[in-house]
Amino acid sequence: MKRSFPAALLSLAVLTSASAVTAKDIRVLIADGPQKAHKFLETTPVLIEILESQPNFTVTHTRSTAEACKDGSYKPNFADFDVVVMNEGFAAPEWPKETQKAFEEFMAKGGGMVSIHAANNCWPDWEEYNKMTGIGGWGGRNEKSGPYLYIDHEGEIIRDTSPGKGGAHGPRHEFEIKVREPEHPIMKGLPLVFKHGPDELYDKLRGPAENVTILATAFSSEEYKGTGRHEPALMTISYGEGRVFHTILGHHTEQIREGSFITTFLRGTEWAATGDVSIPVPEGFPNQEIAPK
Ligand code: ZN
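If you're wondering where the values come from, they're calculated on a predicted model, not measured in any experiment.

For the zinc ion, the protein coordination sphere consists of His38 (NE2), His117 (NE2), Glu200 (OE) and His251 (ND1), at 2.0 to 2.1 Å. Seen from the zinc ion, its 4 donor atoms lie at angles of 89 to 160°, and the figure they make is irregular. All donors of the zinc ion come from a single chain, and their spacing in sequence reads H-x78-H-x82-E-x50-H. Placement of the pair is histidine 38 in the loop between strand E1 (26–32) and helix H2 (40–51) and glutamate 200 in the loop between strand E8 (193–199) and strand E9 (212–220), with a sequence separation of 162 residues. Exposure remark for glutamate 200: the relative accessible area of 5% places this residue in the buried category.

On to the nonpolar core. Side chains of a nonpolar character, in soluble globular proteins, are inclined to be buried together. Grouped together as the largest cluster of nonpolar side chains are 75 residues, with contacts concentrated most on Met86, Trp95, Phe103 and Phe265. Take this core: its biggest share by element is 7 residues, from helix H7 (residues 259–274).

Inspection of the entire model under this criterion finds 10 salt bridges. Of the charged contacts in the structure, one is a salt bridge between lysine 75 and glutamate 98, with a shortest N-O distance of 3.8 Å. With a gap of 23 residues between them, lysine 75 in the loop between helix H3 (66–70) and strand E3 (83–87) and glutamate 98 in helix H4 (residues 97–108) connect regions that are remote in the sequence. Glutamate 200 serves as the salt-bridge partner of arginine 172, at 3.9 Å between the closest nitrogen and oxygen. Of this pair, arginine 172 sits in the loop between strand E6 (157–160) and strand E7 (173–179) while glutamate 200 sits in the loop between E8 and E9; the two residues are 28 residues apart in sequence, bridging distant segments of the chain. With a relative accessible area of 47%, arginine 172 lands in the partly exposed category.

So, about H4. In this model H4 runs 16 Å from its N-terminal to its C-terminal C-alpha over 12 residues, within 8% of the 16 Å that 1.5 Å per residue would give. Looking at H4, one finds that the buried residues are Thr99, Gln100, Phe103, Glu104, Phe106 and Met107. Projected down its long axis, H4 carries its buried residues within an arc of 160°, all on one side. Exposed positions of H4 whose direction lies more than 90 degrees from the buried face are Lys97, Glu98 and Lys101. Its buried side turned inward, H4 meets E3, strand E4 (112–116), helix H5 (127–133), strand E10 (229–239) and strand E11 (242–247). Of the residues one or two after H4, glycine 110 is the one with positive phi, at around 115°.

The buried count for E9 comes to 7 of 9 residues, which makes it a mostly enclosed element. In this sheet, E10 lies alongside E9 in antiparallel orientation, the contact comprising 8 bridges. Within E10, the position partnered with valine 212 by the bridge is isoleucine 237.

The subject of this paragraph is unusual backbone geometry. The amide bond that connects glycine 197 to the next residue, proline 198, takes the cis arrangement and shows omega of 10°. Along the chain, proline 198 turns up in strand E8. With an omega dihedral of 0°, the bond running from phenylalanine 285 to proline 286 counts as a cis peptide bond. Tracing the backbone through its elements, the reader meets proline 286 in the segment after H7. One non-glycine residue, tryptophan 123, lies in positive phi territory at about 50°.

Let us look at H2. Across its 12 residues, H2 extends 16 Å between first and last C-alpha, which sits within 8% of the 16 Å expected from 1.5 Å per residue. Those residues of H2 not exposed but buried are Phe40, Thr43, Thr44, Val46, Leu47, Ile48, Ile50 and Leu51. Buried-residue contacts for H2 involve E1, strand E2 (57–63), E3, E4, helix H6 (253–256) and H7.

Once that is clear, we can look at the packing of aromatic side chains. For the structure on display, the rule yields 16 aromatic pairs. Look at tryptophan 138 and tyrosine 202: their rings are 4.8 Å apart centre to centre, the planes differ by 65°, and that puts the pair in the edge-to-face class. Remark: tyrosine 202 occurs in the loop between E8 and E9 and tryptophan 138 occurs in the loop between H5 and strand E5 (148–151); sequence separation between them is 64 residues. On the basis of relative accessible area, tryptophan 138 is assigned to the partly exposed category, the value being 22%. On the basis of relative accessibility, which here comes to 1%, the residue tyrosine 202 falls in the buried class. Members of the aromatic cluster, connected to one another through ring pairs, are Tyr74, Phe78, Trp95, Phe103, Phe106, Trp123, Trp126 and Tyr129. The ring of tyrosine 150 has arginine 229 sitting right over it, with the charged end atom 4.4 Å from the ring centre.

What counts, and where the lines are drawn
Residues numbered from 1 in each chain as written. Predicted model: local features only at pLDDT ≥ 70, side-chain atom pairs only at ≥ 80, totals over all residues. Heavy atoms only, no water. Donors = N, O, S within 2.8 Å, 3.2 Å for Na, K, Ca; no water. Tetrahedral: all angles 85-135°; square planar, octahedral: opposite > 155°, others 65-115°. Helix = DSSP H or I, 4+ residues; strand = E, 2+ residues; numbered from the N terminus. Buried < 20%, exposed > 50% of the residue type's maximum accessible area, 1.4 Å probe, protein only. Core = buried A, V, L, I, M, F, W, Y, C linked by side-chain atoms within 4.5 Å. Salt bridge = Lys/Arg side-chain N within 4 Å of Asp/Glu carboxyl O. Expected span 1.5 Å × (residues − 1). Arc of directions from axis to C-beta. Contact = heavy atoms within 4.5 Å. Pairing = 2+ DSSP bridges. Phe/Tyr/Trp six-rings, centres within 6.5 Å; stacked < 30°, edge-to-face > 60°. Lys NZ or Arg CZ within 6 Å of the ring centre and 35° of its normal.

Below, the structure is given as structure tokens:
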């Protein structure tokens, strides 16, 4: 079944008014840059709009242009923020080494990061970034990048080290998200199974896969050229004192505007920033009412 939502967003401000009293102010930096396969110029404004639906979120945008990466002038001051939302993607220019180090330090000291969809495609050679995303795909990733992480039919987490390419997806379709950690603050109160899509269902993601908690999986059906396995869909990763929320969802604006994405993204961002979640699960989730723009 295809659900199509109007180009407008849920009025979460209303839903969060009760908890906004105690919610901490959260400073968000959203980072994007030139990339292949995804239209970041279109998705970033929608992500900002969703983040700004929260009265306690302030959002700043930074763009890592090819030029500023090359001449070393791309230097956001990460310390000014609680969380960095990565809307970078496949074949993005390498951040300057100094900026990479500054980001590693920010994270190790307790910073937050959110990796959306293709943000696990970029920078296969930046070792520390790959520890932060836990697993990723494409860009030449293979068994040398680390194990392929999935959950088998008995519910056991498998770290498959056998040779193979990291990262694939079949045609877009609607699929079920199955919650694996119902007591985690990001997942608490969500239905144990909910629908998302049509979206790309990433499979065979590989990486260091250290300190990863799989919050939810999506079953990658062979009918849609998938693996026949439960692939990690929502994850957290700890990096030093830092917290990462990783979602494979959100190919383009249509997918980002779905209730399933909006709620998990906002709660994941709050958790990455603070270690806790006050944003409630809206009534009707994931088909919550979307307010006109
Ligand atoms: Zn995509």
